[in-house]
Amino acid sequence: MEVITEEGTAKRSGSPGISKMRKQSFYDNIAGYLFIAPMLILTVTLVIIPILLSGVISFSNWNFVSGLDGFQFVGLDNYTRLVQDESFHRSLFNNLIMIAVVPVAMFLALVLAVLINKATYFKTFFKVIYFMPFISSFVAIALLWRVLYHPNNGPINGFLRSIGFEHPPMWLADPKFALISVMIIMVWTSLGFNMVIYLAGLQNISRDLYEAADVDGASPLRQFFRITLPMLSPTSFFLLITGVVGSFKVFDLIMVLTGGGPAGSTSVIVYYLYEVAFVNLESGYASAMGIILLILILLVTLFQWVGQKKWVNY
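Residues numbered from 1 in each chain as written. Predicted model: local features only at pLDDT ≥ 70, side-chain atom pairs only at ≥ 80, totals over all residues. Heavy atoms only, no water.

Draft legend 1. Structural context of the packing of aromatic side chains. According to the stated counting rule, one finds 17 aromatic pairs in the structure shown. When the centroid spacing of 5.8 Å and the interplanar angle of 40° are considered together, the rings of Y274 and F278 count as tilted. Note that Y274 and F278 are positioned in helix 13 (residues 269-279) at a spacing of 4 residues, about one turn of the helix. Taking the relative accessible area as the measure of exposure, F278 reaches 53% and is therefore exposed. (Phe/Tyr/Trp six-rings, centres within 6.5 Å; stacked < 30°, edge-to-face > 60°. Helix = DSSP H or I, 4+ residues; strand = E, 2+ residues; numbered from the N terminus. Buried < 20%, exposed > 50% of the residue type's maximum accessible area, 1.4 Å probe, protein only.)

Draft legend 2. Expanded view of the UniProt feature "transmembrane region" (unreviewed entry) in the chain. UniProt feature "transmembrane region" (unreviewed entry): in the numbering of this structure it lies at residues 30-53, 96-116, 128-148, 177-200, 229-248, 254-274 and 286-306. Helix makes up 100% of residues 30-53 and strand 0%, and the two end C-alpha atoms of the span are 30 Å apart. Helix makes up 90% of residues 96-116 and strand 0%, and the two end C-alpha atoms of the span are 32 Å apart. (UniProt positions renumbered as here; feature names shortened; annotations may be inferred.)

Draft legend 3. Region of the structure containing the layout of surface pockets. By volume, the largest pocket amounts to about 580 Å³. Residue contributions to the lining of the largest pocket peak at 8 residues, all from helix 14 (residues 283-307). Of the residues that constitute the lining of the largest pocket, the class distribution is 15 nonpolar, 4 polar and 1 charged. Taken together, 21 residues form the lining of the second largest pocket, with M186, S190, G243, G246 and S247 sitting closest to its centre. For the lining of the second largest pocket, the secondary-structure elements that each account for two or more residues are helix 4 (101-118), helix 8 (178-203), helix 11 (233-248) and helix 12 (252-257). Residues of the lining of the second largest pocket, tallied by class, amount to 12 nonpolar, 7 polar and 2 charged. (1 Å grid on protein atoms, 1.4 Å probe; cavity = no way out; pocket = protein on both sides within 12 Å on 5 of 7 lines; lining within 4 Å. Points joined across faces, edges and corners; volume = space filled by probe spheres on them. Nonpolar A, V, L, I, M, F, W, Y, C, P; charged D, E, K, R; others polar.)

Draft legend 4. Summary view of the pattern of salt bridges. On inspection of all chains with the given rule, the structure shows 1 salt bridge. Two residues, R81 and E282, come together in a salt bridge whose shortest N-O distance is 2.7 Å. One end of the pair, R81, is in helix 2 (residues 77-84); the other, E282, is in the loop between helix 13 and helix 14, and 201 residues separate them in sequence. A relative accessible area of 26% places E282 in the partly exposed class. (Salt bridge = Lys/Arg side-chain N within 4 Å of Asp/Glu carboxyl O.)

Draft legend 5. Quick peek at the packing of helix 6 (residues 138-148) against helix 8. Put simply, helix 6 and helix 8 touch, their axes get as near as 11 Å, and they point 130° apart. For the element pair helix 6 / helix 8, the angle class is oblique. Viewed along their axes, helix 6 and helix 8 form a crossing whose handedness is right-handed. Of helix 8, the residues touching helix 6 (which contributes F138, I141 and W145) are I184, I185, W188 and T189. In terms of residue class, the contact of helix 6 with helix 8 is made up of 6 nonpolar, 1 polar and no charged. (Axes fitted to C-alpha atoms, helices over the stretch in contact; angles between N-to-C directions. Parallel < 35°, antiparallel > 145°, perpendicular 65-115°, else oblique. Left-handed = near helix turned anticlockwise from the far one by under 90°. Contact = heavy atoms within 4.5 Å.)

Following this line, the structure appears as structure tokens:
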């Protein structure tokens, strides 16, 4: 639209303002891309490109020692071998069992969070005490629990003998108890993180809801199931996703405590992948294993994401 100025010249109304807004929007977009550029570059370099290269290597019998000259395409042989590999099946089964750590840790953390949230004194003290295992070195934790689990001189078996157990479990030395022993440590180490996240969720619940429930005569237990749990469902969903993904990536505890033994009873996919890649020098087969693990984690996460629509309240 044109307007006539006092000097009698015509000019286009609003175009300078629109042009200025477009320039500002352009500069804002550039600034946004610059802010995300470091993380984007790192993600592409350290995550996306390695995944793509692993996918290519998984169709070969290449290993990193032989160099590029040793690259030979073998098609789907590595994936066919996975179907027949009993060690891989055992590692996958152990990983699936380890998922049980997640709901147990979440339940215990929720109970502790509710109790601490209602406490009047020493809240910060309990938060620090329970959170310390999560921020501690997993190697130090593994060495500590190795002493606790010692079959003959460990304090756990010493206590069991003192209360009448003549033959307490061998724990890490027994194939029947080794995986359970590792899972107990995983629950203990993740308890503090889950508890702190639940405490943050509890503090975001409006007190008006509980006051209204008190007026209606709802008992504390009914308030917990009708108010606390539904309002904490997004927090539970977050912990469920991160916990399940973390259970598939456990490595350091297995490496330090058991080395996958005894008799492969504590071997998991990531540890078996490490053995295949860096001990047996079968990079192609290990890459195929990594791709299968990636697909498995994506499927589990997708299943949880679809299922959360029925129980998560936002």
